[in-house]
Amino acid sequence: MAEQSYQQRKTEMESAAEVSKELKRKKRMKLLVYALAFAIFQTIVILVFSLTVMRIKNPKFRVQSITVEDLTAAATNPPSFNMKLNAQVAVKNTNFGHFKFQNTIISFDYGGVGVGEAFVGKRRSKARSTKKMNVTVELNSNNIVNNSSLQSDIESGFLALSCYSKLIEKVQLMKLIKKKKSSEMKCDMVLNLVTKAVQDIKCQ
């Protein structure tokens, strides 16, 4: 009887030990699953952070509008024009860090010949914002020689102009990452000599 009772207690203890061992195994598995899930979550967060916040894009540099302050044009021999324009240019920063850009020049030309330049002073743009600036430029036909199209363009009342510029920027993210980027701008436009308005501005 005593021996049977002993065997029963022994069996119960062994059974309890097995249950305890199984519970510990399940607990370890659960912790492992939690650790693995956390590691995957961290990886996803780091990946998303790298592809969005830490990805540095080139800011967009564009001419938004141009108004004519003064204009004279004559289809004489030789034909000529002289004008003063006020242009609003914008730098769009889509990055999560601010950037500073250096002094730059916007070069205007007619038929591939330079007719004037506008100066853009160095500035700072906040993160995910658009910096708008007004610049004044004087254009003239002094450098245009033997261009048969100029006289006919003036007579038609429309002058096709284009402008080009390159902006050098230094982007800074969280005071840790600094990287130089550049933006190129090329815009085509049409100057209406009758209404004295710049129209059809298309930038790349």
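Here, the structure is the one placed above.
These figures come from a predicted structure and were not determined experimentally. Note that residues are indexed from 1 along each chain, following the sequence as it is written. The predicted origin of the model limits local features to residues at a pLDDT of at least 70 and limits the giving and counting of side-chain atom pairs to 80 or more, whereas totals for whole chains, interfaces and linings rest on all residues. Think of the side-chain values as coming from all heavy atoms in the structure, minus any hydrogens and water.

## Digging into the state of the cysteines
Part 1 of the reasoning: Sulfur atoms of two cysteines make up a disulfide when they are within 2.5 Å. On inspection of all chains with the given rule, the structure shows one disulfide.
Part 2 of the reasoning: Disulfide pairing places C187 opposite C203 at an S-S distance of 2.0 Å. Its S-S torsion of about 105 degrees marks the bond between C187 and C203 as right-handed, since a negative value means left-handed. Taken together, the residues C187 in strand β9 (residues 177-192) and C203 in strand β10 (residues 197-203) connect sequence positions 16 residues apart.
Part 3 of the reasoning: For each residue, the accessible area found with a 1.4 Å probe, counting protein chains only, is set against the maximum for its type, and the residue is called buried under 20%, exposed over 50%, and partly exposed in between. C187 gets classed as buried once you look at its relative accessible area, which sits at 0%. Each helix corresponds to a stretch of at least 4 residues labelled H or I by DSSP, and each strand to a stretch of at least 2 residues labelled E; elements are numbered beginning at the N terminus.

## A closer look at a positive patch on the surface
Part 1 of the reasoning: A grouping of K100, K122, R124, K126, K170, K178 and K180 is seen on the molecular surface, where their side chains present a positively charged patch.
Part 2 of the reasoning: In this structure, K122 sits in the loop between β5 (113-120) and β6 (123-125). Here the term patch refers to residues with relative accessible area over 30% and no salt bridge, with like charges joined within 9 Å and nonpolar side chains (Val, Leu, Ile, Met, Phe, Trp, Tyr) within 5 Å. Using a 1.4 Å probe, accessible areas were evaluated by the Shrake-Rupley method; residue-level cover was limited to the displayed protein chains. Note on definitions: salt bridges are taken to be side-chain nitrogens of Lys or Arg within 4 Å of carboxyl oxygens of Asp or Glu. Charge assignment: positive for Lys and Arg, negative for Asp and Glu; neither His nor the chain ends contribute. Where a charge sits is defined by one atom per residue type, namely NZ (Lys), CZ (Arg), CG (Asp) or CD (Glu).

## Side note on the packing of aromatic side chains
To describe a pair of aromatic rings, one takes the distance between the centres and the angle between the planes.
Part 1 of the reasoning: Only rings of Phe, Tyr and Trp enter the pairing, Trp through its six-membered ring, and a pair is recorded when the two centres are within 6.5 Å. The plane angle decides the type: under 30 degrees is stacked, over 60 is edge-to-face, the rest tilted. What the rule picks out here adds up to two aromatic pairs.
Part 2 of the reasoning: When the ring of F99 is compared with that of F101, the centres are 5.9 Å apart and the planes differ by 40 degrees; the resulting orientation is tilted. One exposure class covers both F99 and F101, and it is buried.
Part 3 of the reasoning: The ring of F96 carries the charged tip of R128 above its face, separated from the ring centre by 4.7 Å. Here, a charge over a ring means that NZ of Lys or CZ of Arg falls within 6 Å of the ring centre while also lying within 35 degrees of the ring normal.

## What about the nonpolar core?
Part 1 of the reasoning: Nonpolar cores were defined as sets of buried Ala, Val, Leu, Ile, Met, Phe, Trp, Tyr and Cys residues, with membership established by side-chain atoms within 4.5 Å. Counting residues in each nonpolar core, the largest one holds 38 residues, and the members touching the most others are I106, F108, L139 and L159.
Part 2 of the reasoning: It only takes one pair of heavy atoms within 4.5 Å for two residues to be counted as in contact. When sequence neighbours within four positions are dropped, the list of residues in contact with L159 reads F81, M83, Y110, L150, D153, I154, M189, V190, L191 and L193.

## Section: the pairing of β10
Part 1 of the reasoning: By the bridge criterion, five bridges tie β9 to β10 in an arrangement that is antiparallel. Across the sheet, residue L191 finds its bridge partner in β10, namely V198.
Part 2 of the reasoning: Between β9 and β10, which follow one another and run antiparallel, lie four residues, and K196 among them has a positive phi close to 55 degrees. When DSSP finds at least two bridges between two strands, those strands are taken to pair.

## Regarding unusual backbone geometry
Excluding glycine, residues mostly carry a negative phi; peptide bonds, for their part, are mostly trans.
Part 1 of the reasoning: Residue P78 is bonded to the preceding N77 through a cis peptide linkage, with omega at 5 degrees.
Part 2 of the reasoning: Phi at N146 takes a positive value of approximately 55 degrees, unusual for a residue other than glycine.
Part 3 of the reasoning: The residue N146 is located in the loop between β7 (129-140) and α2 (148-156) in this model.
Part 4 of the reasoning: The class of N146 is exposed, set by a relative accessible area of 81%.

## Regarding α2
Part 1 of the reasoning: Capping the start of α2 is the job of one residue whose side-chain oxygen sits 2.9 Å from the backbone nitrogen of S149: N147.
Part 2 of the reasoning: Count one or two residues on from α2 and you reach G157, which has phi positive near 90 degrees. Here a polar contact is recorded for every N or O atom pair within 3.5 Å, except that within protein the pair must consist of a potential hydrogen donor and a potential acceptor, and residues adjacent in sequence are included only if both atoms are side-chain atoms.

## With respect to the pairing of strand β1 (residues 60-74)
Part 1 of the reasoning: Pairing analysis gives 13 bridges linking β1 to strand β2 (residues 80-93), with the strands arranged antiparallel. Counted as the bridge partner of D70 is K84 from β2.
Part 2 of the reasoning: A loop of five residues connects β1 with β2, the two strands running antiparallel in sequence.

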